[in-house]
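Coordinate inspection notes
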Amino acid sequence: MIKRIFIFLILALMAMIFFNLATNYSENTELSRLGHYYVETGPEELGAPNLVTAVVVTYRGLDTLGEVTVLFISAAGVGLLLRRTRRKDDDEDLEQGDRAEETAGTHKPASEIVETATELLLPMVILFGIYVFLNGHLSPGGGFQGGAIIASGTMFLLLALPESHISRLMIAIIESLSGFSYVIVGVLGVIMAGGFLDNRIMDLGTYGSLFSAGAIPLIYVFVGLKVGFELSAVLDRFRKEDTGPL
Amino acid sequence: MSIPVITLLTIILCAGILISGLLAVTLDNMLSAVISAGLASLFASVVYVVLAAPDVAMTEASIGSGLTTMIFLYAIRKTQGGD
C-alpha cells in the first residue's frame, strides 16, 4: 500500500514538472547570441554549408568525440557480456557439437524474397551510407547517420544469409584505426590551427564543393567507418555466442 | 476553422507515437511489443522531418526503428521468449 502511494506521489511530481514546462513554453522568435554567432560566422569561418555539421564536428567537436567513446564502450561491453566462457578440456568436443548443431539448422534459411531483395538493395544501402557521410558538410546527415545506414546494410546481410561470416579481425582493425586517426586529426588541429578538432588544418576549398570545409569530410569518414563497423560488430555479437578472441 | 495540413499531419503522427508506445508497454506478446516499439520510433522520425530536423530523423529511422528492433529480436531468441 505504501509502495502504491509512493508511486502516485512520484507520478504527481512528474506531472507537475511537465505541466509547468508545457504552460510556460513560449516559442523563441529570435536566435540566442550564441546561435546568432554560429549563423553569422560559421559558414565563412569553416566553409561548411550544413551548419549543423559545422557545430557538431568543429565548435562542439569534443562532444562528438565523447559520443563516439560512449558507443565504443557499449560495443566493448556487449562483446564482453556475450562472450561464452568454457573450460579448456571439453573445448574440442563442444566445438564439434556446436558446428553440427549449427549446420543442422538452428538458422532457418531466409525466404526467396528477402534473399533477392538483399542482393539488389545491399550495394545501394552501403553506397548510400558512404554518400551520407561523405556529404555530411553539404547535406543533412553525417558520420553517425552514414555509419548507422551501413550497419543497417549489415543487418540486411545477416537477415538474408544467416550463415554468413563477418571477419572480427577486419572489424577490429578498421574500427581502431579510424578511431585513432580521428583523435590524431583532432590533435593536429591543436598544433596547426586554432584548437582541438579545428577543421582548418586543410584548405577550406571552394564553398559548397565536395572536397571543401577543411578536415570535416576527413573526420566524417573516420566517424562513419567507426560507427558503422562498431554497430555491425554489436549485431554480429548478438547473432551468435561462439565468439573467439576476435 | 480550417486546420493547416502540416498541423493535422503532426497531430496524427504524435497520436501514432502515443498509441504504439502504449501498445509496446501493455502487450503481453514480446514480439508484438518489440514491433510496436520500433513503430513508435518510425513515427517519431517522420515527426522530426516535419519539424525540419532531417539529421535527427535519419538517426532515429536507422537506429531507433532498425537496429534496436533487430537487437531486441535477437535478445528474445536468446532468452527463449521468456519475460
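Residues numbered from 1 in each chain as written. Chains lettered and ligands numbered in written order. Predicted model: local features only at pLDDT ≥ 70, side-chain atom pairs only at ≥ 80, totals over all residues. Heavy atoms only, no water.

Considerations on the packing of helix α2 (residues 30-50) of chain B against helix α3 (residues 54-78) of chain B
Residues and elements named next belong to chain B.
- With their axes 8 Å apart at the nearest point, α2 and α3 run at an angle of 175° to one another. The orientation of α2 relative to α3 falls into the category roughly antiparallel. Contacts from M30, L31, V34, G38, S41, L42, A44, S45, Y48 and V49 in α2 reach V56, A57, E60, A61, G64, S65, T69, F72, L73 and I76 in α3. (Axes fitted to C-alpha atoms, helices over the stretch in contact; angles between N-to-C directions. Helix = DSSP H or I, 4+ residues; strand = E, 2+ residues; numbered from the N terminus. Parallel < 35°, antiparallel > 145°, perpendicular 65-115°, else oblique. Contact = heavy atoms within 4.5 Å.)

Some thoughts on the packing of aromatic side chains
Residues and elements named next belong to chain A.
- Across all of its chains, the model carries 4 aromatic pairs over all chains by this definition.
- An angle of 55° between the planes, with centres 6.3 Å apart, marks the rings of Y37 and Y38 as tilted.
- Taking relative accessible area as the criterion, Y37 reaches 40% and is therefore assigned partly exposed.
- Ring plane angle 65° and centroid distance 6.5 Å describe the contact between Y37 and Y59, whose orientation is recorded as edge-to-face. Of this pair, Y37 sits in helix α2 (residues 33-46) while Y59 sits in helix α3 (residues 51-59), and the two are 22 residues apart along the sequence.
- Accessibility expressed as a relative area gives 23% for Y59, which makes it partly exposed.
- Clustering of aromatic rings is evident, with ring pairs tying together Y37, Y38 and Y59. (Phe/Tyr/Trp six-rings, centres within 6.5 Å; stacked < 30°, edge-to-face > 60°. Buried < 20%, exposed > 50% of the residue type's maximum accessible area, 1.4 Å probe, protein only.)

Description of the environment of V223 of chain A
All names here are of chain A.
- For V223, the location among the structural elements is in helix α9 (residues 216-239).
- For V223, a relative accessible area of 2% corresponds to the buried category.
- Aside from chain neighbours lying at most four places away, what touches V223 is V68, G143, F144 and Y182.

Describing the confidence of the model for chain B
- Across chain B, pLDDT averages 86, with 94% of residues at or above 70.
- Across the interfaces of the predicted complex, the ipTM metric reaches 0.81, alongside a pTM of 0.78. (pLDDT = per-residue confidence, 0-100.)

What to know about the interface of chain A and chain B
- Listed as interface residues are 23 residues of chain A and, on the opposing side, 14 residues of chain B.
- Taken together, both faces of the contact between chain A and chain B bury some 1,600 Å²; the carbon and sulfur share is 73%.
- At the boundary of chain A and chain B, one finds 0 salt bridges.
- Among the residues forming the side of chain A that touches chain B, the class breakdown is 14 nonpolar, 5 polar and 4 charged. (Buried area = accessible area lost by both parts, 1.4 Å probe. Salt bridge = Lys/Arg side-chain N within 4 Å of Asp/Glu carboxyl O. Nonpolar A, V, L, I, M, F, W, Y, C, P; charged D, E, K, R; others polar.)

Observations concerning unusual backbone geometry
- Of note in the backbone geometry, A52 of chain B takes a positive phi value of approximately 65° without being a glycine.
- Within the secondary structure, A52 of chain B sits in the loop between α2 and α3.

Details of the side chain of S62 of chain B
- Mapped onto the elements, S62 of chain B comes out in helix α3.
- According to the relative accessible area criterion, S62 of chain B is buried, its value standing at 8%.
- Ignoring anything within four residues of it in the chain, the contact list for S62 of chain B reads A148, I149 and S152 of chain A together with L67 of chain B.

Thoughts on helix α6 (residues 112-134) of chain A
- Compared with the 33 Å implied by 1.5 Å per residue over 23 residues, the 33 Å span of α6 of chain A between its first and last C-alpha is a close match.
- Along α6 of chain A, the sharpest change in direction is near 40° and occurs at L121 of chain A; proline P123 of chain A comes one to four residues later.
- Along α6 of chain A, the positions that sit buried rather than exposed are T118, L122, V125, G129, V132 and F133 of chain A.
- Elements in contact with the buried residues of α6 of chain A: α7 (143-160) and α9 of chain A together with α3 of chain B. (Expected span 1.5 Å × (residues − 1). Bend = angle between axes of the 7 residues up to and from the residue.)

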